[in-house]
Amino acid sequence: SSGSTGPKPGPSTAAKDGGTFRLGIVEPTAIDPYNTQESEGTLVTQNLFTGLTSVSADGKISNALAESRTPNDDCSQWTFKIKGGTTFSNGEAVDAAAFIRGWTRAAAKVSASDVAYHLGEIDGFKELNTGTATTFRGLSAPDATTLVVKMAIPDCEFDVRTFHTVFSPVPTVAGAASNKAYNDQPIGNGPFKMDGPWQHNSKITLVRNDSYGLTKAHLDRVEISILNAANADQLEYQGFQAGQFDWARMPTEQLTAAKATYKAKGDWYEWDANGMNYLLPMLTSGPMKTKEAREAISYAIDRDAIAQGVFKGFRTSATTIVPPAFADAYQKGLCVSCVKQDKDKAKQLAAQAGLTPGTKLYFGYNTGGGHEAWVQAVAAQLKDVLGLDVHIDGIPFKQLLDKEKTPDATGIYRAAWGADYPTPGNFLNPLLATSSINEDPATHQVQGDNRGRYSNPAFDTLLHQATATKDLAARTKLYQQAEKIAIGDDLALIPLWNRSQQRVANNEKWANLTYDFNENPTLATASQK
Amino acid sequence: MGRYLLRRLGQMIVVLLGATLILFACLFVIPGDPVGSLAGSERARDPAVVKQLREHYGLDKPLAVQYVTYIGHLVQGDMGEDYTQRRPVTEILGPKLVNTSKLAVAAIVFDVLIGAGVGALAALRRYSIWDTVVTLVTTVLVGFPTFVIGMLLLNLFAVQLKWVPVIGDASDPVQVILPAITLAVIDAALVARLMRGTMLEVLRADYVKTAIAKGVPRRQVLLKHVLRNSVIPVVTYIGISFGSLLGGAIITETIFNWDGVGMAMSTAIQQQNNPIVVGVATWSVGIFVVLNLVVDLMYAMLDPRIRLS
Amino acid sequence: MAEPILKVDGLVKHFPLTQGIVFKRRIGAVQAVDGISFELHKGETLGIVGESGCGKSTVAKVLMNLERATAGQVHYKGQDITGLTGKALKAVRRNIQLVFQDPYTSLNPRMTVGDIVGEPFEIHPEVAPKGNRRKAVQDLLDVVGLNPEYINRYPHQFSGGQRQRIGIARGLALKPEIIICDEPVSALDVSVQAQVINLLDQLQSEFDLSYVFIAHDLSIVRHISDRVGVMYLGKMVEIGTEEQIYEHPTHPYTQALLSAVPVPDPTGREDRHRIILSGELPSPANPPSGCRFRTRCWKAQPRCGEEEPLLANPEGMAGEALHHSACHFAAEREHV
Amino acid sequence: MTDETTTALPRRGSTDTSGEPAIRVVREWQEVWHRFAANRLALLGLVLVVALLVTAAFAPWIAPYDPLKQDLMHTIESPTGAHLFGTDALGRDQLSRVIYGTRIAVIVGLVSILLTLVIGIVLGAVAGYFGRFYDTVVMRGADIFFAFPLLIGAIIIITVTGRGIWPVVLSLAVFGWATVARLLRSSVLSAREMDYVHAARALGAGHLRVIVRHILPNSIAPVVIYGTFNVGTAVVAEASLSFLGVGVSPEVPEWGNMLAAGRGFIGVADYMWMLPSLAVVLTTLGFIFVGDGVRDALDPKLR
Amino acid sequence: MSKSVQDTPVAEPPLLQVDGLQVEFKTRDGIAKAVNGVSYSVDAGETLAVLGESGSGKSVTAQAIMGILDTPPGRITGGRVLYRGDDLLTMPEDQRRSVRGRKIAMIFQDALSALNPVFSVGWQLGEVFRVHEGMSKRDSLAKAVELMDRVRIPAARQRVGDYPHQFSGGMRQRIMIAMALALGPDLIIADEPTTALDVTVQAQVMGLLAELQAEYRMGLILITHDLGVVADVADKIAVMYAGRIVETAPVHELYARPAHPYTKGLLRSIPRLDQRGQDLYAIKGLPPSLLQIPAGCAFNPRCEQATGRCRDELPLLQEVSDEDGNDLPGRHSACHFWKETHRG
Ligand SMILES: Nc1ncnc2c1ncn2[C@@H]1O[C@H](COP(=O)(O)OP(=O)(O)OP(=O)(O)O)[C@@H](O)[C@H]1O
Ligand SMILES: Nc1ncnc2c1ncn2[C@@H]1O[C@H](COP(=O)(O)OP(=O)(O)OP(=O)(O)O)[C@@H](O)[C@H]1O
Ligand SMILES: [Mg+2]
Ligand SMILES: [Mg+2]
């Protein structure tokens, strides 16, 4: 069941104001844009702040507060025209200075922001980030509605990045990122504002921002309950069933039953999201060193059987790293070995690679993510087809990542990636570029996200070309070529399945409700029926 | 007596130091850098950020120094700052502790009322249908893991019957009932069996005969003479079951979305959020030691033959 | 006379007296035993009589090293045993045994009679070789008048008297040199009592055993003892041969005691001359000054409250009947 | 006359070893067995326990399928003739997994409890009997271990050692002994003041003997109850560890794993958690009945 | 102080009458017949002493009367216990409870285990008043002190809050006595009340009992081994052997002329102050096993006069008469050869 189902936003029927929308999330790391990082935090921050651009669920970028975004010829400088006359909910004007303020605040050393690296291409980031400067050299505001961004690393798709919440404007009251009072009750310029501070582990309440500068929201309030991470999906779904929530995820085990109940009612959403699940092979040492070995593994896995048997059809097999949600860049079937299980080919390649039966293969995965079942299925298939001695090892997430980073890591690891903003580069760059290995010279640990240590100059060159290409179609082509090298040829990552998402929503009560790019409900458009 | 208390308090400090030291050592052995990667995300942390955080948390210093620093701060009531939200541990744990205490107290009340009551009933009606029913029910309950019991209860009362909300509010006393029962069930079953066992012995004691011979009504014989003597092991058990309560709280809190320390602890361990782990452990040792001091005092109160010295 | 086998010297045992339930405060001490000295010779029986609560059992326990003496020494064959531990203590205990006063609590409810009586052999395997033990146990049961068939029974299946005999059998098992009997026959019917007494007598003559025999029954004490000590409130008030104590008691308390002995003959019971002691019974936590008996003594004088009478030969007495008595006005009473 | 009253005395150093003694000495264990066997519930418990052990020993012969054999075409199927207990999320036969699960249950349940009991009884008895310094050391030590709730302690141990059965067993013992020790200590405290303990000491019995023969038998009942009761809870604790993601590896056929995997199916495919629960319950029941039986059999007053 | 049996009006039923009481215990080795048809009675103001071999069923009988037998393993298999004519055994529990403590009180043989270790003696003494008279805690405690004084426990006021284990054996026993005396019952069953007491205290306690007896016309069943005490206080005596009454007699007559060989042996065993040097007399042999009570007369294996008849035929309790054939009131013997024993 690829593609997506569910009520489309469509032309809004005369939306009625009012109503309280309720849903559950897990405790975010931060809701202040300087450090908002995961989907849950983004849900809050994005409704509290409006940045330059917005992105639709299917990855189309459009202007939000920006009226125009123009790069110079070599994309070493970007000029954003900002819509005038909008204010923060405290009445302060949202001007270019507000953006500079926000970006500077996030990049400053004291913030130790986990997401500031998104600003890393801007000139002066280094100095700010290491504390040798206190102002952001690359940013300037010739007038109140013009923001000029000078790039240290030219990037022709920089504007796509500005969708990320770290690029939000902040009012002067925000102060430094150590201002805890603000962090817990940010004052923003979004469709909603905070109703009281963040009650950690308990509740976040938003109310409509009636002074919002763009299309105002319809909902009066949004009540966000904070749930235990360990079984949030269970709680969300139970809460939904009990009528306590209007929007929910559900545990994999309950999907079939939930779909049967809610699809007919029109309360069911299902789509392939902007993420990818794959196996991360360790390329520099151990059994996964050769391309043949990786292909053998890939051929040995029966993705369809697992998608049907284990996921009951709620996952679709993947053949790429750039997900199908990126319709323009998507190259179905790129990974040939991913298309269909082929035991003979697998055996043959394994023999070539010296992956003899009985070879030990480490297979790491993180606990607490519900990965146990499919991991066992994959392991069983590898055992069956190739006779490998697969050692599956479930450990906490953090340990898993630390393990992947060590220089002597071998074997395969369960991995997944989700997009921050809609560009193939957001997959290819962090996951596969040589620069993303960023090995610590002292410990030889990987410090970037390319933990498989894939390094191919041809691939790197293509990526560079892509970021320097202004034309979207041409850029996409370059990305496709790069992906072809890394996945099609080298199989540096082994695609497993697309990131499929399912949600239930109370559409008896709500209209104009759908999911957004970050898999969150579109609170800004939703309205009472 | 004052000396006794003082000595116990001194021992309490030793226990605290011991427990935190063991914990520190354990955490040290766990591979990986606690601030090296982001919690719960596939993304690596910026090396610059990592370096900065390591300095901020003093992780660049030797373990012994870290430990001494921790103890130094602890004395001043400062338990450090956690790694994910970068908030003071005391601020994070404070409300959680309150919530868990509510749960624990309610659970202990259930343990005592239901556990001891049912156990006493079984003992009084030994070999009757009651006894069998109690034995069966208590064993069957023990056979079910806490999470199954919790989920069944939640499913029935919150999802199906909608008597209570799924996502509870720790400040509502009614909503503590389900999680407290879940938490108490296994201990209550054990208390019931313990009670039954000791009570059977006490019931045969000569002094019970004396009381009957005095013409004391059966009810009073049971409530005063028998109960007081049977309750001693139960009190002991309640004191020590605190540990299992906190353990059970992890699961109960997960299932009922009860924002308590058990939950915090288990997530913190997974995330290597060591300040929280050490914080919870320090609290729990402290509470435990105090609790057991109370239990020991209660002993002396319940059984005058026991001399505290 | 030869060296005494047991020599007790200024034995003191005080129990702390506490008040309050939770916060126990020490408010004084029960002076259960307060300076007692006596000697026990080989082959001799020393009877100890005295009011209930006067410290007889405590003396027994301290002699056995079951309670640590607050002060004073116990010499066994010249060796001070009060501080012994480990092997040395075990060796001494091999030769001194105690028959407990309370036959209910002194038997392990989870051991069969066979095990209880056989335990001494297990602890001191040199006494009875392994193969002989069962027989030895049966013989012991037989000796104390218990049916050897009961060997597999548990204590709660016996009557009080039967239990007491189990305790005696256990005490006899090692055939120690000294047996301290703390009211060993109080729960027995006279016939069984007679058996036990005869048995003790017989063992004594055969093995030259020494007994410390604590009892309330003065007839029994007289029957079995060579010498008798009379205790009152933690003190020894009179000590002498059986003849001296029974025929020529000089301490008023002893006289009162003897006068109160019930005679197993109902004839003329209405006109017996008993010395009925009056006055407040003093507490061992707060004993009277001077002579401890003075509060109930009909002879009491101001001197008695000021000066503690020592246990010595009373002045102005001589002859056969001369023996130690702790009374300023020690004198034989006409009546008895 | 008086001759009749005296009976032959046991002579010192008598060498009479001839002949069987007239009276049969019933061995203690015979006794206990006798009383145990008279208790119907205890026998039922024994049957359950023996069945568990037999199943564990002969699992490969009893189980209809390979417990690891996956069949992705037939996942999460309700009980049928072919799969009496249905299949799990990977199409493995639930019955076979439950049967193989007995092996781990025996190891986790029995071994961990035995370890717990051994450590707890030794330390508890020492603390209670010797008192003072020993008591303080043991009890404060126990406090340290108490302070870590079992699950949390187990998570820490397992995080250090890695997942597996033995780390689970180890953590159950390491964090369980303190309970036993404390439970035992409190009953030892009252037992050690009994006259029969004095009596044994008066006989010259050493500390070991006094503890083993006199104090333990009279104070162990709560521990026996706790121990047998906890065979089941150990298995359940294992399940909780699986729930928290630190139990044994998920492919291992083990009840806790099955419970943890099945919990998501509450209300959807209940057989997924009910059957392993049933197995745990029956095991627990078995051990509790046996424990009660043993306790009663050991107590001469309760027959 | 002593009252002869004849004084009691005939019309009134005896204070307590035990009639053919039978008690057995289930043991692993079989049924132990501890009490095999015991009958005796006490009138108001009268003292019945129950003598007998240790293990002969004296305490069990008492427990059966009080209704505190362990059931199981014990079982009352027959007989009646009539209190002022009402059968206690068939009485509803509530009614029976109001009799216990208030009308019939018991002094236990083993004082330590009979006192609850976790309550102060004052509390336990006071409980009687709280239960039966609805007294307040404070008043009941004052009463407790009074009682303790009465049984001559030194410094009663200070020790009222102490616990049983802090008292000496004799003191505990006196506390038990105090507890029984508390409400001035009609009947006291005293199971070896003075075994742990020295003679002076014993004399006081017995004196106290006698006083109360005279004052309230209290009946007393005194179970004891102390033939001295019996001689001092008893009005009549019942002698038990192997769960049966083998002889009953008014006190003077029993001592003078026992009518059963067992009684005779018992009396001969008494040590006397004036007797020294020789071995004490003791009845030969061992008490019978209750699992296998010898056929015929239970005493026959130990009896010097036993004949074949004694082994075959169970002697019933029969009236004893003097040489002139006059029935001796209150005298019974369960010996085929009572005549020989009594008159010989
Ligand atoms: N463990 C103890 N703690 C406090 N006081 C005690 C303790 N043991 C005994 N006593 C007190 O010591 C005194 C002597 O007691 P002991 O048992 O030696 O008396 P006794 O002479 O054996 O009396 P009885 O004849 O009644 O057995 C009593 O006042 C008793 O209350
Ligand atoms: N629970 C029991 N199980 C088996 N036999 C018992 C039980 N209780 C008492 N008996 C037996 O009943 C008989 C009578 O016991 P009881 O206590 O009445 O004796 P007694 O006459 O009071 O003796 P003593 O003078 O020694 O106290 C004894 O032989 C005893 O072994
Ligand atoms: Mg004594
Ligand atoms: Mg008796």
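As the structure is a computational prediction, the values presented were derived from the model and not from experiment. (Residues numbered from 1 in each chain as written. Chains lettered and ligands numbered in written order. Predicted model: local features only at pLDDT ≥ 70, side-chain atom pairs only at ≥ 80, totals over all residues. Heavy atoms only, no water.)

Enquirer: Please clarify how the overall build of chain D should be interpreted in this entry.
Expert: Along chain D, the regular secondary structure elements total 13 helices and zero strands. Counting from the amino terminus, chain D carries its helices and strands in the arrangement α-α-α-α-α-α-α-α-α-α-α-α-α. For chain D, the residues scored as buried account for 63% of the 303 residues in total. Pairs at least 24 apart in sequence give 69% of the contacts found in chain D among residues at least 6 apart. Total accessible area on chain D is roughly 11400 Å²; 66% of this is exposed by carbon and sulfur atoms. (Helix = DSSP H or I, 4+ residues; strand = E, 2+ residues; numbered from the N terminus. Buried < 20%, exposed > 50% of the residue type's maximum accessible area, 1.4 Å probe, protein only. Contact = heavy atoms within 4.5 Å. Areas by Shrake-Rupley, 256 points an atom, 1.4 Å probe, with all protein chains shown as cover.)

Enquirer: I would appreciate a short explanation of the pattern of salt bridges in the present structure.
Expert: Two side chains that carry opposite charge are able to pair once their charged atoms sit near each other. Following the criterion strictly, the structure yields 67 salt bridges over all chains and no others. Between A:Asp123 and A:Lys150 there is a salt bridge, and its shortest N-O distance comes to 3.5 Å. Here A:Asp123 is found in the loop between helix H2 (96-107) and helix H3 (125-130), whereas its partner A:Lys150 is found in strand S7 (residues 146-150), with 27 residues between them in sequence. Between D:Asp88 and D:Arg97 there is a salt bridge, with the nearest N and O atoms lying 3.6 Å from each other. The class of D:Arg97 is buried, set by a relative accessible area of 2%. (Salt bridge = Lys/Arg side-chain N within 4 Å of Asp/Glu carboxyl O.)

Enquirer: When you look at the packing of aromatic side chains in this model, what are you seeing that I'm missing?
Expert: Here a ring pair, both rings aromatic, is described through the centre-centre distance and the interplanar angle of the planes. A complete count under the given rule lists 40 aromatic pairs over all chains for this structure. Ring centres 5.7 Å apart and planes at 80 degrees place the aromatic pair A:Phe158 and A:Phe167 in the edge-to-face group. Looking at A:Phe167, the relative accessible area reads 0%, which means it is buried. Its end group placed over the ring of A:Trp417, B:Arg43 keeps NZ or CZ at 4.2 Å from the ring centre. Between C:Arg303 and the ring centre of C:Phe329, over which it is positioned, the NZ or CZ distance is 6.0 Å. (Phe/Tyr/Trp six-rings, centres within 6.5 Å; stacked < 30°, edge-to-face > 60°. Lys NZ or Arg CZ within 6 Å of the ring centre and 35° of its normal.)

Enquirer: Honestly, H2(A) in this entry has me stumped. Any pointers?
Expert: For an α-helix, the turn length of 3.6 residues means that residues three or four places apart are oriented alike. Residue and element names in this part refer to chain A. A rise of 1.5 Å per residue sets the reference length of H2, with its twelve residues, at 16 Å; its end C-alpha atoms lie 17 Å apart and thus fit the reference within 8%. Most of H2 is tucked away, with ten of its twelve residues classed as buried. Among the residues of H2, Ala96, Ala98, Phe99, Ile100, Gly102, Trp103, Thr104, Arg105, Ala106 and Ala107 are the ones counted as buried. Buried residues along H2 sit in contact with strand S5 (77-82), H3, strand S6 (139-143), S7, helix H4 (158-161) and helix H5 (180-184). (Expected span 1.5 Å × (residues − 1).)

Enquirer: Looking at this structure, I do not really get the interface of chain C and chain E. What am I missing?
Expert: Interface size is commonly expressed as the accessible area that is lost once the parts come together. Taken together, the contact pairs 69 residues of chain C with 66 residues of chain E. Summed over both sides, the interface between chain C and chain E buries roughly 5200 Å², with carbon and sulfur atoms accounting for 53% of that surface. In this assembly, chain C and chain E are joined by one residue pair in polar contact (both at pLDDT 80 or more). Among the elements of the structure, helix H5 (160-173), helix H6 (190-207), helix H7 (218-224), helix H8 (242-247) and helix H9 (252-259) of chain C are those that each provide at least two residues to the side of chain C that touches chain E. Broken down by element, the residue count for the side of chain C that touches chain E peaks at nine residues, all from H6(C). Taken together, the residues of the side of chain C that touches chain E break down into 27 nonpolar, 24 polar and 18 charged. (Buried area = accessible area lost by both parts, 1.4 Å probe. Polar contact = N/O pair within 3.5 Å; in protein donor to acceptor, adjacent residues only side chain to side chain. Nonpolar A, V, L, I, M, F, W, Y, C, P; charged D, E, K, R; others polar.)

Enquirer: Would you mind going over the site of ligand 1 with me for this structure?
Expert: In the vicinity of ligand 1 there are 21 residues, among which C:Gly53, C:Ser57, C:Thr58, C:Gln101 and E:Gly170 approach most closely. Site remark: ligand 1 is flanked by residues from chains C and E. Here an oxygen atom of ligand 1 sits 3.3 Å away from a polar atom, N or O, in the main chain of C:Cys54. Within the contact set of ligand 1, an oxygen atom lies 3.2 Å away from a side-chain nitrogen or oxygen of C:His216. (Near = heavy atom within 4 Å.)

Enquirer: Before we go on, may I ask you to explain the nonpolar core in this structure?
Expert: A general tendency of soluble globular proteins is for nonpolar side chains to be buried together. In terms of nonpolar packing, the biggest core is built from 228 residues, with C:Leu172, C:Phe213 and D:Trp255 touching the most fellow members. Per element, the largest residue contribution to this core is 13 residues, and it comes from helix H9 (residues 218-256) of chain B. Each of domain 1 (6-254) and domain 2 (255-336) of chain C accounts for three or more of the residues forming this core. In contact with C:Phe213, other than residues within four places in its own chain, are C:Thr45, C:Leu46, C:Gly47, C:Ile48, C:Cys181, C:Pro184, C:Val185, C:Ile197, C:Leu200, C:Ile220, C:Val221 and C:Ile224. Counting residues in hydrophobic clusters, the runner-up holds 82 residues, among them A:Phe163, A:Leu382, A:Val385 and A:Leu491. (Core = buried A, V, L, I, M, F, W, Y, C linked by side-chain atoms within 4.5 Å. Domains from an automatic or database assignment.)

Enquirer: Looking at this model, I keep getting lost on the site of ligand 2. Mind explaining?
Expert: Around ligand 2, 22 residues are found, and the nearest of them are C:Gln157, E:Ser54, E:Gly55, E:Ser59 and E:Gln109. Site remark: ligand 2 is flanked by residues from chains C and E. E:Ser56 places a main-chain nitrogen or oxygen 3.2 Å from an oxygen atom of ligand 2. Between ligand 2 and E:Gly57 there is a distance of 3.0 Å, counted from an oxygen atom to a backbone nitrogen or oxygen. Relative to its free-state accessible area of 630 Å², ligand 2 is covered by the protein chains to the extent of 92%. Broken down by secondary-structure element, the contributors of at least two residues to the shell around ligand 2 are H5 of chain C together with strand S1 (16-27) and helix H1 (58-66) of chain E. When the residues that make up the shell around ligand 2 are grouped by side-chain class, the tally is six nonpolar, 13 polar and three charged.

Enquirer: What's the story with a nonpolar patch on the surface in this structure? I'm lost.
Expert: On the surface, a nonpolar cluster with roughly 430 Å² of combined accessible area is contributed by B:Val105, B:Val109, B:Val112, B:Leu113 and B:Ile114. Accessibility expressed as a relative area gives 36% for B:Val112, which makes it partly exposed. (Patch = residues over 30% accessible without salt bridge, like charges linked within 9 Å, V, L, I, M, F, W, Y side chains within 5 Å.)

Enquirer: Hey, could you run me through the confidence of the model for chain E in this one?
Expert: Regions with low pLDDT carry predicted coordinates that are not meant to be interpreted in detail. All names here are of chain E. Confidence in the prediction of chain E, expressed as mean pLDDT, is 81, and 93% of residues score 70 or more. This stretch, residues 1-9, has a pLDDT under 50; its non-local contacts, to residues over four places away or in other chains, come to ten contacts. Our summary of model confidence lists the complex with pTM equal to 0.77 and ipTM equal to 0.75. (pLDDT = per-residue confidence, 0-100.)

Enquirer: What should I look at first to understand the pairing of strand S4 (residues 66-71) of chain A in this one?
Expert: The side chains of a regular strand alternate between the sheet's two faces. Residues and elements named next belong to chain A. In terms of strand pairing, S4 meets S5 through five bridges, oriented antiparallel. Across the sheet, the residue bridging to Thr70 is Thr79, located in S5. The hairpin formed by S4 and S5 contains five residues between the paired strands, and Cys75 there has a positive phi angle of roughly 60 degrees. (Pairing = 2+ DSSP bridges.)

Enquirer: In this structure, what is going on with the packing of helix H8 (residues 177-191) of chain D against helix H11 (residues 221-243) of chain D? I would like to understand it.
Expert: In a packed pair of helices, the relevant descriptors are the angle between the two axes and the axis-to-axis distance. Residue and element names in this part refer to chain D. Axis separation between H8 and H11 bottoms out at 8 Å; the angle between their running directions is 160 degrees. It follows from the interaxial angle that H8 and H11 lie roughly antiparallel. The handedness of the crossing between H8 and H11 comes out as right-handed. Of the residues in H11, those touching H8 at Thr179, Val180, Leu183, Leu184 and Ser187 are Pro222, Val223 and Tyr226. Of the residues belonging to the contact of H8 with H11, the class tally is six nonpolar, two polar and no charged. (Axes fitted to C-alpha atoms, helices over the stretch in contact; angles between N-to-C directions. Parallel < 35°, antiparallel > 145°, perpendicular 65-115°, else oblique. Left-handed = near helix turned anticlockwise from the far one by under 90°.)

Enquirer: What exactly am I supposed to notice about empty space enclosed by the protein here?
Expert: By rolling a water-sized probe across the atoms, one finds the places where empty space is left. By volume, the largest cavity amounts to about 600 Å³. Lining the largest cavity are 35 residues, with B:Ser244, D:Leu150, D:Asn230, D:Thr233 and D:Ala237 sitting closest to its centre. Among the elements of the structure, helix H7 (177-203) and H9 of chain B together with helix H4 (94-130), helix H5 (132-147), helix H6 (150-161) and H11 of chain D are those that each provide at least two residues to the lining of the largest cavity. Here the lining of the largest cavity takes nine residues from H9(B), the largest share from any one element. The residue makeup of the lining of the largest cavity, split by class, is 21 nonpolar, 13 polar and one charged. By volume, the second largest cavity amounts to about 350 Å³. Along the walls of the second largest cavity sit 27 residues, with C:Gln193, C:Asp217, E:Gln202, E:His225 and E:Asp226 positioned nearest its centre. Elements that contribute at least two residues to the lining of the second largest cavity include exactly H6 and H7 of chain C together with helix H8 (199-216) and helix H9 (227-233) of chain E. The two domains that each donate at least three residues to the lining of the second largest cavity are domain 1 (6-254) and domain 2 (255-336) of chain C. (1 Å grid on protein atoms, 1.4 Å probe; cavity = no way out; pocket = protein on both sides within 12 Å on 5 of 7 lines; lining within 4 Å. Points joined across faces, edges and corners; volume = space filled by probe spheres on them.)

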